[in-house]
Structure formats: C-alpha cells, structure tokens
Amino acid sequence: MRQLLLIAALGFVSLVTPAYGKASHYEAVVAEPYLELHTGPGRGFPVFHVVDRGQQIQILKRRTDWFKVRTDRDVEGWVKLAEIEQTLDTAGKPIELDDPTADDYMGRRWELALALGDLDGASVISVNGAYRWTRNISTELQFADISGTFSDGWLTTIAITIQPFPEWKVSPYAALGTGMIHVQPKATLVSTEDRTDQIGQVGLGLRMYLSKRFLLRAEYNSYLTFTSRDDNEELDEWKAGFAFFF
Amino acid sequence: MESRLRLLLLMVLAATMSACSVFGRDKPPMEDANASAPVISPEVERREIKRPKIDTENFEVGAFAGLLSVEDFGSTTVYGLRGRYHITEGLFAEGTYATSSALGLTSAEVLAGFDLLGSDRKYEYYDVSVGYNLLPGETFIGRNWAFNSALYVIAGAGQTSLGVDDYFTMTFGAGYQVLATDWLALDFGVRDHLFDLEFTSGEKKSTHNIELTMGINFFF
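Here the structure is a predicted model, which is why all the values come from computation and not from measurement. (Residues numbered from 1 in each chain as written. Chains lettered and ligands numbered in written order. Predicted model: local features only at pLDDT ≥ 70, side-chain atom pairs only at ≥ 80, totals over all residues.)

1. Details of the overall build of chain A
Regarding its fold elements, chain A presents 3 helices and 15 strands. Considering chain A as a whole, with its 246 residues, one finds that 30% of them fall into the buried category. Here the analysis covers contacts within chain A between residues at least 6 apart in sequence; of these, 46% occur between residues at least 24 apart. (Helix = DSSP H or I, 4+ residues; strand = E, 2+ residues; numbered from the N terminus. Buried ≥ 20, exposed ≤ 12 C-beta atoms within 10 Å, placed from the backbone. Contact = placed C-beta atoms within 7 Å.)

2. Section: the overall build of chain B
If you tally the helices and strands in chain B, you get 3 helices and 9 strands. Helices and strands appear in chain B in the N-to-C order α-α-β-β-β-β-α-β-β-β-β-β. Looking at chain B residue by residue over its 220 residues, the buried ones come to 26%. When contacts within chain B are restricted to residue pairs at least 6 apart in sequence, long-range pairs at least 24 apart make up 52% of them.

3. What to know about the sheet that holds strand β6 (residues 145-162) of chain B
Residue and element names in this part refer to chain B. Strand order in the closed barrel formed by 8 strands is β2-β3-β4-β5-β6-β7-β8-β9, and the pairing between neighbours is antiparallel. In this sheet, neighbouring strand axes are inclined to one another by 25° on average, regardless of whether the strands run parallel or antiparallel. Two strands pair when backbone bridges link them, and strand β2 (residues 59-70) and strand β9 (residues 204-219) are joined in this way by 10 bridges, in the antiparallel orientation. Following the sheet pairing, A65 is matched in β9 by M214. (Pairing = 2+ DSSP bridges. Axes fitted to C-alpha atoms, helices over the stretch in contact; angles between N-to-C directions.)

4. Brief notes about the interface of chain B and chain A
In this assembly, 37 residues from chain B lie in contact with 37 residues from chain A. Elements with a contribution of two residues or more to the side of chain B that touches chain A: β1 (55-56), β2, β3 (74-86), β5 (123-141), β6 and β7 (165-179) of chain B. Here the element with the most residues in the side of chain B that touches chain A is β5(B); it accounts for 6 residues. For the side of chain B that touches chain A, the class distribution of residues is 17 nonpolar, 11 polar and 9 charged. (Nonpolar A, V, L, I, M, F, W, Y, C, P; charged D, E, K, R; others polar.)

5. A word on the environment of B:V164
All names here are of chain B. Positionally, V164 belongs in the loop between β6 and β7. With 14 C-beta atoms packed within 10 Å, V164 lands in the partly exposed category. Considered as a pair, V164 and G118 are 46 residues apart in the sequence and their alpha carbons are 7.6 Å apart.

6. What to know about the sheet that holds strand β15 (residues 233-245) of chain A
All names here are of chain A. Read around the closed barrel, 8 strands run β8-β9-β10-β11-β12-β13-β14-β15, paired in antiparallel fashion. Each strand axis lies, on average, 25° off the axis of its neighbour in the sheet, ignoring direction. Note: strand β10 (residues 137-147) against strand β11 (residues 151-162), 11 bridges, orientation antiparallel. Bridge pairing in β11 places I146 opposite G153.

7. Quick notes on the pairing of strand β14 (residues 214-226) of chain A
All names here are of chain A. The pairing of strand β13 (residues 195-211) with β14 spans 13 bridges and is antiparallel. Bridge pairing in β14 places R207 opposite R217. With 12 bridges joining them, β14 and β15 adopt antiparallel strand pairing. Bridged to E219 within β15 is K239.

8. What to know about the nonpolar core
Within the largest apolar cluster, 16 residues are counted, with the highest numbers of intra-cluster contacts made by A:I57, A:I59, A:F67, A:V69, A:W78 and A:V79. Broken down by secondary-structure element, the contributors of at least two residues to this core are β1 (26-29), β2 (34-38), β4 (56-63), β5 (66-71) and β6 (76-80) of chain A. In terms of residues, this core owes the most to one element, β5(A), which gives 3 residues. Leaving out residues up to four positions away in the same chain, A:F67 has contacts with A:I59, A:R62, A:W78, A:V79 and A:I84. By size, the runner-up hydrophobic cluster in this structure holds 13 residues, among which are B:L68, B:A98, B:L103 and B:L162. (Core = buried A, V, L, I, M, F, W, Y, C linked by C-beta atoms within 7 Å.)

9. Structural notes on the pairing of β9(B)
With 15 bridges joining them, strand β8 (residues 184-198) of chain B and β9(B) adopt antiparallel strand pairing. Counterpart to B:L184 in the pairing with β9(B) is B:F218.

10. A short note on the confidence of the model for chain B
Residue and element names in this part refer to chain B. Across chain B, the average pLDDT comes to 82, with 80% of residues at or above 70. Per-element mean pLDDT across chain B ranges from 53 in helix α2 (residues 30-36) up to 94 in β2. Per-residue pLDDT stays below 50 along residues 22-29; that stretch engages in 1 contact with residues further than four places along the chain or on separate chains. Across the interface, the model reports ipTM at 0.76; the global pTM reads 0.75. (pLDDT = per-residue confidence, 0-100.)

11. A word on the confidence of the model for chain A
When pLDDT is averaged along chain A, the result is 85; 88% of the residues meet or exceed 70. Mean pLDDT across the secondary structure elements of chain A bottoms out at helix α1 (residues 2-16) of chain A, with 56, and peaks at β10(A), with 94.

12. Let's talk about unusual backbone geometry
In the Ramachandran plot, A:D120 falls in the positive-phi region, its phi being about 50° despite a non-glycine side chain. Within the secondary structure, A:D120 is located in the loop between β8 (110-119) and β9 (122-132). The phi dihedral of B:D72 falls on the positive side, at around 75°, and the residue is not glycine. Looking at where B:D72 falls in the secondary structure, it is placed in the loop between β2 and β3.

13. Some points on the environment of B:A146
Residues and elements named next belong to chain B. Looking at the element boundaries, A146 is found in strand β6. Accessibility expressed as a C-beta count within 10 Å gives 15 for A146, which makes it partly exposed. Taking the C-alpha atoms as reference, A146 lies 9.5 Å from A180; in sequence the two are 34 residues apart. Discounting residues that sit within four places of it in the chain, A146 has contacts with E138 and F140.

14. Points about the environment of A:Q142
Residue and element names in this part refer to chain A. Positionally, Q142 belongs in strand β10. On the basis of neighbour count, Q142 is assigned to the buried category, with 22 C-beta atoms found within 10 Å. For the pair Q142 and Q198, spaced 56 residues apart in the sequence, the C-alpha separation amounts to 14 Å. When neighbours within four sequence positions are excluded, Q142 is seen to be in contact with S126, N128, T156 and T157.

Spelled out as structure tokens, the structure:
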C-alpha cells in the first residue's frame, strides 16, 4: 500500500511539474493608478509590492479569486480578482476572466452534489451527478452509502428531474427514477441474508444558488422497494447538501 | 457708396472663407483620413488573437500518515489520501480515505480470550468535509524565511469500517498548512472521529477516535 502511495505521489509530481515550463502567459497592462501585489492568495497576506499604471504584467495562474502575476522586474505576487479585472489586455480592452455568476448557473450543464441525510432511521451520504439537457430537464445519477443501527448498505439510482421554474431564487424540482438497493444486516444481529432489490424513486427537492459555482440542495425521496417477499417496502429519505456546477 | 463698401466687405469675407477652406483641405482632420482609407480594401485578414488560458489551481491532492487512537483498541498507524477543492479563498471541500495497520486487543479480548472484530482487525474510513481557512498568513522561520500558511477548521461526515461493520461517523478537526512553494504544502492535522459503536451484547457506546497526521499536498 505504501509503495503504491509513493508511486502515485511521484506520478503526480511528474504530471504537475511540466505545467511550469510553459512559456506563454496571459499579458495585461495596469490601467488603474496602481496594482497591489500580495504575498499570498488570501485576505491575510500583506501587500509587498505595487505596480504602476502602464506597466505590463504576466498572469501566471489563478487560485480561487486570486491571480499570481509577474511584473516587468520579475517580482511575483498575488492580485485579487476585483483588481485584476481593472487591467487591460495588450489590445487595450478590459481583460476577460472566468467569473461565474447567476447567468452561468442558469446555463450550467454538469452538476455534482454531495448530501447528508436520513433514510428511514439510517444515516445516508450521497454523491449525485446531473446532466442538464434543457433549462428544465436533467438526468441524475446517484450513489448513496447507507449506515443504520441494524443494517448497512448502498443505493444507486438514475432519475429524470424536472425543474419548472429554473429562474427562481429557491427553485423546486421533482424526480422520478429507478435503481437498486443493497441491504446487509449488521454482524451483531442474528444473521439474515444480504439482499439486493430493485427500487422506484419519487422525489421533490429545492435548489438555491449561492454564489460562484456553488449551490445548496435539499430533497425528499420516497423509495418503493420491489421485494421478492409478499409485500413491497417503502422508505422515506430526507437529505440536504451542496453542489458545484460546471 | 454704402452699397459699394458692403460689396467690398462681402468680397473680403468670401475670400477669407475660401482661403480657410483651402487651408482646411491641406490639413484634413484625422477622421477624414480614416474615412478615405477603405478606398483600397485591405487584403490582410483580421488576425484571431488567441489568448493563453490562465492555469487554475483550485484542486489539491495529497497523501498523509499518522497516528490513530481507536477507543478501546489502542493506537495504531494510519495512512491515507486526501483531495480538496477550493471554493473561495476561505472555504474548501475535502474528501478523505484512510486505512490503519492492525489494531491492538481490547482488555476484554485479552482477559476473556475472545475476538471482537474477527479477522479484519482494521480501522478504515472515508469522509466528506467542509473546511475553512481561519487564519491565513505567514509563518516565519528565522529572519530570512517566510512561508505562507493557514490554520483551518474542518467538519464532515463519513463511514467507518471497524471489523465487519460500518458506522456512520462525524468528523471534527483543525489543521495547519505550510506552503513550501505555491503548489506544494505540508499539512499537519488533528481530527476527532465520532461514532456509536455497538457490541455483540447490543450495548451502544459513543466513541471518540483522535487522529494526528502529517501529509504532503500538491495543488493543481
């Protein structure tokens, strides 16, 4: 295992390092009276250098809303988004940077969500990937890990969701899907058999756009388990979490 | 006489105006020059300016190793992998997977000679957390060295596999990250993994499992 980790780490280093050999960088010209350079990408890092108007800078990389720049005199420092947006590109136009807003949220294609909740008394952690076909319709793939007092298990579903009012700040959606559930009773119980059954899913949820690429989600799902026994089982799930969009 | 004078004045005016217009023709304003330019249509195609993409480094991955104290089962070494996505300069999401070396025996196991966990004497967990860089700043080593660093707090949830069973686990912790370069960081962390352990007797017990780790993370 340790060797494997080492190999993975070395492989990663070799992947990362060539990125620093790249010569071409985004060039910009300071248009405001001055541009402040911080020692690090965050609010806690002090200003240590100032670039005057008219000087050229190279934008090396970006971390969240901070940009690492290099000046004519080879000084490197970090500049925040609000200030780098005031610079001009070499053609004299304001530079264009990726700053995701509510508009990008409305036009999103992919979404990845993480949620935590309760499935009929058991704890559930789920990962959910969605692809949006139109403004209103998406397909969602879910994988959930279930952990209860009497049993553990997993759940996986594929669903079609419909969001009738995507422009609302808090926007409802409905889901209809199908999948599989696996239940494995705990070893502390008198052993019963593991079961894997097909399930049907009906759900209702709410999406709320926060900022950047970030949104909140909360949902209720009702699962109907089609068992081979005499009666079908119904499970209620409540969960909430956050999601990113791409 | 008066009309002759008026005529003379008019002639002078006309002469100066025409002189002005001639003068104006000699030095046309800038707009005129541009307007006459398209007479020769330019054969040069407009160049597509392709701007280099700005490399974003919002992801962080790393490996760590450390000590894990498993309640009742003693301390053991733990090692794992960690991935982070930085949402803002303060907020990040983290996913962790780790596994331990063989666990020790509980006193009950030693005294009564039975086995609580069976053959799988391992503590294995994964969790998903949200962290916040509480104190971003610099760490000074001597007079000449300053490293960017951050103290973060983190909370999350996941599953722990102890023996054959899985347990829903809450995780709380804090960590200290020192960046050696912009893309390489040392991470020192403390986590408390909380879950309800259930014994064969059916008795439930809330356990705290403290973990101390040190890791190396890469930003990309």
